[in-house]
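Geometric and topological summary
Here is how the chains run, residue by residue.
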Amino acid sequence: MNATAADTSFDLALPGAWLSAALLLLLFVALFLRELRQGAALPPRPRFGLILLRALLLAMLWLVLVQPRIWVPELRRLPGPLMVLFDDSASMALGPLYSERAAKLKAYAAAWQSETQEVMPFAFGTHLRPLSGLEAVRGLSFRAPSTPLGSALLELAQQSPKGARILVVSDGASADPLPIEALRRSALPVHAIALGPRSTPSDRAILEVEAPAQLRVDEESRLRVRLRVRGRQGSSVNLRLRCQGHADESRSLRVEEGKERSLEWAWTPKRSGALPCEFALAPSSRDRWPQNDRWPFVLHVAPARLRVLLVSGRPSWDLRYLRAFLKEEPAIDLVSFFVLRHSTDSTGVTQDELSLIPFPTDELFREHLERFDLLIFHDFGRFPAPFDAHLERVRDYVRRGGSLVMVGGELSFAEGGYGSTPLAEILPVALETRASENVWVEDYRVTPHAAAATHPLVDLAPELGDAAAYWRGLAPLRRLNHLGAPKKGSVTLLESAGKGSSGRPLLVIAQAGKGRVAALATDESWRWGMASAAESGEGPNFARFWDRLLRWLSRHPSLEESQIEVDPELAPPGQRRRLRAQLRRPLDYRPLAAREVEVLLQDLEGRTLRRLQARTDAEGRLDLPFELPEAVGAYALRLRGADPSVENSRAWAVVRPSEEILRLEGKPKSLARLAAATGGRFFEAPSKAPKLADFAASRREVVRTRLHQPLSHPLAFLALLLFALLEWGLRRRFGQR
């Protein structure tokens, strides 16, 4: 087709172009002014005629000298592509009220297939993706959890060819801001067709639940809930909180129609670990979309404050360090007693005159024993107090699920007279039946047992490398109780390494009924804090060791034999996630290698929805992909196997309402603003939209460019010569030169 005036360009053939032309024009203007002065004596009419002829002659001469050129491109028009963007998000097919959006979109795409207009179809949901053709629109699933229309338009604008146009078919419920200014600068017109009902649906929704990062058993916490009510739902709603292992709680709330309300819910957990919970609104026949009435979440609950009873037979540096460590721990409630004098000591005064109280044996071990989670006998023998009557009670307390650690010293183990007592039945090592002088005093190092290098009570600093090198780097100890042989079923973790005492058990652990026991054959672990810091600059070794030991004794979730997690814990409906697990044997924590494991996907009520089979590798690890259900809820991934540590392992995955479910209404006004700002057209319903050809654009392509220089033709020079002769003749006739 022909070029328009906007396509045509001009320039001058005269060397120097416009500068030379301007200088030449100034010269001709000067000559013309000179001519005005010379013809002043002539009558007005001849004078005016001669001036006009001279002006025309100079103008013709100037044009011939500057030689103007006209560049005219020859163009042809090609049809421009139409890039159609189809919305594949979940809001296009939410229930009966909204499924018409998806139906209209597919019907519109099917009608377009008969047209010949060049179309580049795309779908956008989680991300922008091209479609093989308009027939591929029938396969859209409308499951994407969000509508990133803004980012999809930006990505499409970057790859659009020249002359392209964009047509958006969507409900407009964009999850990100629309890049109107960026599209306007790119001069890319965007047309839009709105889908779905424009009215606000009658709906109640839980918009958000906020909870502390960590809660603690038996301590009140506050959960924050945000609700919204739209349509004729009434002013009262019933909200229920349900957590696994806890009684349901319900409250009746008043929420004004069309508004949001936030409230705080005080709640006290009774179990530790990952705790699946759910807020839910009571069903209502007026609620058009009940899928956003539930909000599942997982609370991470720390165990209750550890209640520790520390008793010691005498003051020492080790006792001082241990007591200070326990008092500084915010998660520990400490009760401690230690003996400063015996009842047989001679004081020279009566009992009433002494400020020291008698050791409260009966009160501690008869009345309050069950209130403690852990007992620490630190260099504490049966002789300083009438303790024999309570040893059977302590044994039974441990077997029922309590924990006990006996720390060495001259009043511990056989030296404390425990060899023939009920307490010896639960200790992890054999004891002599009579007291003896069996505490060695010499320098020795500590080394892990050959089979325990990866045990969590031994591998205290895995980031530092080899566990044996870590323990060799600590300060040497000087006192060691020589224990008997470890009992069957116990695990030796640390041994002595020194002249005359190598291979002696230093730390031995065991299971006693439902409880746990540990034997630490030294009262000099304090040297790992002070002396090690002086030698190597590494000070927290004492606290690191005791923190890990107390965690194991108290069954802290972080030290469960088998660890299982879902990555990530929060997921959209129907998404694929990975289950990662490390399975180990109880007590010694050795990997459960090459074990067949069944993975159960269960809902909050414990119903099994899916079963998967898996096998651990040589390190006892599992890495298993799985697909979450479509329904909103909290789901447990539970392992089932022959080993008890596997049977108790579970992790939780949460399928939470997406933004598509929470924000049900479309946004046709946003699409209208987008189209108006970019020079496109907006249609509020597919029935009002034209055929594709009406959206089509064309792009122009330059075939070649023609040069026109009309004043370079000989006829132009001949005309200039004839005009100059005419002007000269008239001037001579009127007596002018």
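Quick note: structure is the one above.
Let us look at the structure shown here. These numbers were taken from a predicted model, which means no experiment stands behind them.

What follows covers the sheet that holds strand β27 (residues 576-582). A sheet is described by the order of its strands in space; here three strands give the open sequence β25-β27-β30, paired in antiparallel fashion. Both outer strands of the open sheet, β25 (563-567) and β30 (621-627), are each paired with one neighbouring strand and no more. In this sheet, neighbouring strand axes are inclined to one another by 20 degrees on average, regardless of whether the strands run parallel or antiparallel. As judged from the seven bridges shared by β27 and β30, these two strands associate in the antiparallel manner. Following the sheet pairing, Arg578 is matched in β30 by Pro625.

Attention now moves to the environment of Val441. Within the secondary structure, Val441 is located in strand β20 (residues 439-448). Among all residues touching Val441, those that are not within four sequence positions of it are Arg478 and Arg479.

In this section: unusual backbone geometry. Although it is not a glycine, Tyr589 sits at a positive phi angle of roughly 60 degrees. The phi dihedral of Ala594 falls on the positive side, at around 50 degrees, and the residue is not glycine. Inspection of the secondary structure assignment puts Ala594 in the loop between β27 and β28 (596-602).

A word on the nonpolar core. Membership of the largest hydrophobic core comes to 77 residues, with the highest contact counts inside it found for Ile376, Phe377, Trp471, Phe545 and Trp546. Looking at which element gives the most residues to this core, the answer is helix α11 (residues 541-553), with seven residues. With sequence-adjacent residues up to four places away left out, Trp546 is seen in contact with Leu322, Phe325, Val407, Leu520 and Ser525. Listed in part, the 25 residues of the second largest apolar core include Ile206, Val225, Cys243 and Val301.

What follows covers the side chain of Ser403. Considering the arrangement of structural elements, one finds Ser403 in strand β19 (residues 403-407). With sequence-adjacent residues up to four places away left out, Ser403 is seen in contact with Asp373, Leu374, Leu375, Tyr397, Arg516, Leu553, Ser554 and Arg555.

Evaluation of the coordinates by the stated rule reveals 38 salt bridges. Across the pair Glu605 and Arg242 runs a salt bridge, and its minimum N-O distance is 2.4 Å. In this pair, Glu605 is assigned in the loop between β28 and β29 (608-615) and Arg242 in strand β11 (residues 236-243), connecting sequence segments 363 residues apart. Take Glu605: its relative accessible area is 42%, and that puts it in the partly exposed class. Classification of Arg242 by relative accessible area gives buried; the value is 17%.

Moving on to the packing of helix α2 (residues 44-66) against helix α16 (residues 714-733). Direction vectors running N to C along α2 and α16 enclose 155 degrees, while the axes themselves pass 10 Å from each other. Taken together, α2 and α16 sit at an angle that is classed as roughly antiparallel. Every pair of crossing elements has a handedness; the one defined by α2 and α16 is left-handed. In this structure, α2 contributes Leu50, Leu53, Arg54, Leu56, Leu57, Met60, Leu61 and Val64 to the contact, and α16 contributes Phe717, Ala719, Leu720, Phe723, Ala724, Glu727, Leu730 and Arg731. Per-class residue counts for the contact of α2 with α16 are 13 nonpolar, no polar and three charged.

Right, let's talk about the packing of helix α6 (residues 317-328) against α11 for a bit. Packing of α6 against α11 leaves a shortest axis separation of 11 Å and a crossing angle of 65 degrees. One way to sum up the angle between α6 and α11 is to call them roughly perpendicular. As for the relative orientation of α6 and α11, their crossing is right-handed in sense. Across the interface between the two elements, Asp318, Tyr321, Leu322, Phe325 and Leu326 of α6 pack against Phe542, Ala543, Trp546, Asp547 and Leu550 of α11.

Here the structure, examined in full by the defined rule, presents one disulfide. The disulfide bridge from Cys243 ends at Cys277, spanning 2.1 Å between sulfur atoms. On the S-S bond that ties Cys243 to Cys277, the torsion sits near 115 degrees, and the link is right-handed. Within this pair, whereas Cys243 is found in strand β11, its partner Cys277 is found in strand β14 (residues 273-281), the two being separated by 34 residues in sequence. Exposure class is identical for Cys243 and Cys277. Each is buried.

With that settled, consider the sheet that holds β20. Where strands meet in a sheet, backbone hydrogen bonds hold them as pairs that are either parallel or antiparallel. If you trace the nine strands from one edge of the open sheet to the other, you get β17-β16-β18-β19-β24-β23-β22-β20-β21, paired in mixed fashion. Looking at which strands have only one partner, the edges of the open sheet turn out to be β17 (332-338) and β21 (477-481). For this sheet, the mean angle separating the axes of adjacent strands, direction not counted, is 25 degrees. Strand direction decides the pairing type here: β20 and strand β22 (residues 491-497), joined by four bridges, are antiparallel. The residue bridging Thr447 from the neighbouring strand is Glu495, located in β22.

Procedures and definitions
Residues numbered from 1 in each chain as written. Predicted model: local features only at pLDDT ≥ 70, side-chain atom pairs only at ≥ 80, totals over all residues. Heavy atoms only, no water. Pairing = 2+ DSSP bridges. Helix = DSSP H or I, 4+ residues; strand = E, 2+ residues; numbered from the N terminus. Axes fitted to C-alpha atoms, helices over the stretch in contact; angles between N-to-C directions. Contact = heavy atoms within 4.5 Å. Core = buried A, V, L, I, M, F, W, Y, C linked by side-chain atoms within 4.5 Å. Buried < 20%, exposed > 50% of the residue type's maximum accessible area, 1.4 Å probe, protein only. Salt bridge = Lys/Arg side-chain N within 4 Å of Asp/Glu carboxyl O. Parallel < 35°, antiparallel > 145°, perpendicular 65-115°, else oblique. Left-handed = near helix turned anticlockwise from the far one by under 90°. Nonpolar A, V, L, I, M, F, W, Y, C, P; charged D, E, K, R; others polar. Disulfide = S-S within 2.5 Å.

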